[in-house]
Amino acid sequence: MHDLGAFSEHALSTLLLHATTHNRYYRQYATNGTLRIADFPVLTKEIIQREFEALRSPSTAQTFLNSSGGSTGAPQTFLQDAHFASWTATTTRYYFKRFLGIDEDCVKKVVLWGSERDTFKQRDWKARTRNWLTNTLFLNSFLIPEESWKHYVRRINSFKPYFIRGYASSLYELASAVEKYDLQIHQPTFVCSSAEMLHDFMRQRIEDVFGCKAFDFYGSREVGPVAAECQEGSRHIFTFNNWVEVTSAGEILITNLHNYSMPLIRYAIGDTGEFGRHPCVCGSPLPYFTRLTGRVSDHFINGDGGLIHGEYFTHLFYHRTWVRTFQVNQVSLTEIQILIVRRGEAPSTEMEDIEAKIRLVMSQGCKVTWQFVDEIEKTPQGKHLFTRSLVER
């Protein structure tokens, strides 16, 4: 990685050649001259849904299906491969080693993340073994009953992690609970937030409560790690993992350089940003964002005062082929409204399964209503919210 620019340009050229050779969707952009990324159109979530088969590489081995969630956009399914997974892990290790000075796998850490398996009482011995081997204490942040905060704090105090990582909103809620109950919590060396935008008010409370600096890690399931903060607060872009563009309107377009099973070229991730114009004083040669918008999932509140992370509900719609897009609204403590734009008939068994899993975390008496609509209203900023709570905190 001594010449990052040359490496990235070579990786991009190789990917574009592969895509125009093996993918029906990109074949029309093949030329006799040099392939230029500017000649490729913007790739949207809707195009991926519509052109799924044309986007995949039929000869790529070791592929796996993945899905994205979050608070905005549309439910997204895509293919990835072992090469992509390897670069995702390598990029993450690079960040922790180069910017934070640690070997992530070797230090004790708490991960505040979402797990459907834990919530649904399923066993995952592979995940538990991996956590043990990497010194990781996993705390489920999908379903957080009111009484669990104190239990989580006790476990963190007993484990004494070097750092804590998790959803930005989950870290914020944990910090808020520590303040609310006047608890003492182990002070890690740093906190790392991801999956959502770390707003200033969230950062302030997290840093005040944990007594350390919070670093923001930006990425997505579709393209892996994109950027992360240095000690100076600049979100440096991992150019060896993704080719990142920012349009004149500020829209971020990302091309992952290592997913050959389904190349996503100029993928509109749904965020906006702005490049830094001067070298960062931290000394890193990587470019960086000076401005970056992102997503914060709403937390739902159940009748017991417990918090349910918004992504719990988005995960319920993974691989539902009859769903084009959706929105889950918490109307009251005992009512959930689901808006669906269909692409086919909705199987009653799948609807019942979704309802059962909603009642599992809300309450057995929770009313779940369905509305099949032609379009779901977006925010004034043009965002589509997956989850929205109308209940005052």
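Please read these numbers as outputs of a predicted model, since none were measured by experiment.

A. Region of interest: the sheet that holds strand β7 (residues 190–194). A sheet is described by the order of its strands in space; here 11 strands give the open sequence β4-β3-β6-β7-β8-β9-β10-β14-β13-β12-β11, paired in mixed fashion. Pairing within the sheet leaves two strands with one partner each, and these edge strands are β4 (136–140) and β11 (242–246). In this sheet, neighbouring strand axes are inclined to one another by 35° on average, regardless of whether the strands run parallel or antiparallel. One ladder, built from three bridges, connects strand β12 (residues 251–256) with strand β13 (residues 267–275); its direction is antiparallel. Across the sheet, the residue bridging to Ile 254 is Tyr 267, located in β13. Strands in contact with helix α8 (residues 168–180) are β3 (109–113), β6 (163–167) and β7; relative to β6, the strand with the most contacts, it is inclined by about 120°.

B. View of the sheet that holds strand β18 (residues 335–342). Taking strand neighbours across the sheet as the criterion, the four strands line up as β19-β18-β17-β20 in an open arrangement whose pairing is mixed. Each of the sheet's edge strands pairs with one partner strand only, and the pair in question is β19 (367–372) and β20 (387–389). Averaged over all pairs of adjacent strands, the angle between their axes in this sheet comes to 15°, without regard to strand direction. Examined bridge by bridge, strand β17 (residues 323–332) and β18 share eight bridges and lie antiparallel to one another. Bridge pairing in β18 places Asn 329 opposite Gln 337. Strand contacts of helix α11 (residues 348–361): β18 and β19, with the helix running at about 140° to β19, the strand carrying the most contacts.

C. The arrangement of the pairing of β7 in detail. Taken across its five residues, β7 has five buried, putting it largely inside the fold. Residue alternation in β7 divides its side chains into two sets, Phe 190, Cys 192 and Ser 194 and Val 191 and Ser 193, and both sets are buried. Pairing of β6 with β7 involves five bridges; the strand directions are parallel. If you follow Tyr 167 over to β7, its bridge partner there is Ser 194. Since β6 and β7 lie parallel, the crossover through α8 that links them has a hand, and here it is right-handed. Summarising the sheet, β7 and strand β8 (residues 213–220) pair through five bridges and their orientation is parallel. Residue pairing in the sheet places Cys 192 in a bridge with Phe 215 of β8. Each parallel crossover has a hand, and for β7 linked through helix α9 (residues 200–210) to β8 it is right-handed.

D. Examining the packing of aromatic side chains more closely. Scanning the entire structure with this criterion turns up 30 aromatic pairs. With a centroid separation of 5.5 Å and an interplanar angle of 40°, the aromatic rings of Tyr 29 and Phe 40 are classed as tilted. In this pair, Tyr 29 sits in the loop between α1 (4–22) and α2 (45–50) while Phe 40 sits in the loop between α1 and α2, placing the two residues 11 residues apart along the sequence. Exposure remark for Phe 40: the relative accessible area of 2% places this residue in the buried category.

E. Structural view of unusual backbone geometry. Although it is not a glycine, Asp 182 adopts a positive phi angle of roughly 55°. Relative to the assigned elements, Asp 182 resides in the loop between α8 and β7. Unlike most non-glycine residues, Ala 195 shows phi in positive territory, near 75°. Mapped onto the elements of the fold, Ala 195 is located in the loop between β7 and α9.

F. Focus on the packing of helix α7 (residues 148–159) against α8. In the contact formed by α7 and α8, the axes pass within 10 Å of each other and the chain directions differ by 95°. The angle between the axes of α7 and α8 places the two elements in the roughly perpendicular class. Facing α7, whose interface residues are Trp 149, Val 153 and Ile 156, α8 presents Ser 170, Glu 173, Leu 174, Ala 177 and Val 178. Classifying every residue of the contact of α7 with α8 by side-chain character gives six nonpolar, one polar and one charged.

Conventions we followed
Residues numbered from 1 in each chain as written. Predicted model: local features only at pLDDT ≥ 70, side-chain atom pairs only at ≥ 80, totals over all residues. Heavy atoms only, no water. Pairing = 2+ DSSP bridges. Helix = DSSP H or I, 4+ residues; strand = E, 2+ residues; numbered from the N terminus. Axes fitted to C-alpha atoms, helices over the stretch in contact; angles between N-to-C directions. Contact = heavy atoms within 4.5 Å. Buried < 20%, exposed > 50% of the residue type's maximum accessible area, 1.4 Å probe, protein only. Right-handed = clockwise from strand over helix to strand, strands pointing away. Phe/Tyr/Trp six-rings, centres within 6.5 Å; stacked < 30°, edge-to-face > 60°. Parallel < 35°, antiparallel > 145°, perpendicular 65-115°, else oblique. Nonpolar A, V, L, I, M, F, W, Y, C, P; charged D, E, K, R; others polar.

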